[in-house]
Amino acid sequence: MEYVDIDHVDIVTTHLCNKHCKFCIDKFIGTSNEFISLDNIEKFLKLIREYTDKKLEVLLLGGEPTCLPTDLLKDIAELAHKYNFLIMMSTNGILKKKIIDLIPYYDSIQVTVNSDEEIDYYRKWQDKINIKLAGDNTLTMEKLDHFIEYTKGFDRRSISMYFTPDFIELCNDSDVWKLLDSLEWKRNGSYLYTFYEGVRIKKCIHGLTNIIDEETVPKLYPNGNYNKTWNDEKLDDYLSINGKTWTNEKNLVLKKNKKRTNV
Ligand code: SF4
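Residues numbered from 1 in each chain as written. Predicted model: local features only at pLDDT ≥ 70, side-chain atom pairs only at ≥ 80, totals over all residues. Heavy atoms only, no water.

## So, the environment of Ala134
So, step 1. Within the secondary structure layout, Ala134 lies in strand E5 (residues 129-135).
So, step 2. Considered as a pair, Ala134 and Ser160 are 26 residues apart in the sequence and their alpha carbons are 5.6 Å apart.
So, step 3. If near-sequence neighbours (up to four positions away) are discounted, Ala134 is found in contact with Thr112, Leu139, Ser160 and Tyr162. (Helix = DSSP H or I, 4+ residues; strand = E, 2+ residues; numbered from the N terminus. Contact = heavy atoms within 4.5 Å.)

Structure, rendered in structure tokens:
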């Protein structure tokens, strides 16, 4: 049996979203109206605690997490803290007022911004807001340089390089890729990441990134199921949606009821 360390925990809160991106990162977007329940989150976090005491980050994503009621999002943060996790959220940034209301309850909120005005809007909370630039077809070297300069002072800054389902990167500025190709990248689950001028940059691994089972990232879905690369429970019916078949080629699982001490 091969064991893996947990990098962080993903909670897919919903498959609803208030935006319609052409190349959505959620394979199941719009397939259900469900919101994740507190009960299912609690069961999942307790399960994680059977394996590790490490203070891991729990990242809420979707769909769009801010589609959930504010009270539910506050309760989720409280629950995560109760089990000694850090609580983070990744949002498209549309519902600004809701994001501001949630800041006191969250350790970090990653917000995608589209203008200097939006960056200025969040500057007051630069210790809590992870300011994010989309690495899509609008990204140029000039825009990247400006983002790095203009967001100085924020504790966390990031750029995600977007791609199509066929792994074609949307950014087509050759200077950006010349820079990215010169950097040293590390692997995290099915993504690569690096830092440039203090900004974390993420990009896909061709052929791997769309695999929703990342053995280092346990993922809980809105219906309470979770990815079985991480565990051997036969609960993940999300993998059969749209007739897709999942195979566990690596057979990487964590052994149940054996808490690891070195993670
Ligand atoms: S904001 Fe995110 S979840 Fe919503 S449509 Fe765009 S990529 Fe998908």
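## Some details on the side chain of Asn92
So, step 1. By the secondary structure assignment, Asn92 is in the loop between strand E3 (86-91) and helix H3 (96-102).
So, step 2. Within the structure, the side chain of Asn92 is placed 2.8 Å from the side chain of Asn18, a separation counted as a polar contact.
So, step 3. With near-sequence residues (within four places) excluded, Asn92 lies in contact with Cys17, Asn18, Lys19, Glu64 and Thr112. (Polar contact = N/O pair within 3.5 Å; in protein donor to acceptor, adjacent residues only side chain to side chain.)

## Overview of the sheet that holds strand E4 (residues 108-112)
So, step 1. Taking strand neighbours across the sheet as the criterion, the ten strands line up as E7-E8-E9-E6-E5-E4-E3-E2-E1-E10 in an open arrangement whose pairing is mixed. Because the sheet does not close on itself, it has two edges, and the strands there are strand E7 (186-188) and strand E10 (219-220).
So, step 2. Bridge count between strand E2 (residues 57-61) and E3: four bridges; the pairing is parallel. Looking at the pairing, Glu57 lines up with Leu86 of E3. (Pairing = 2+ DSSP bridges.)

By themselves these figures say nothing about function.
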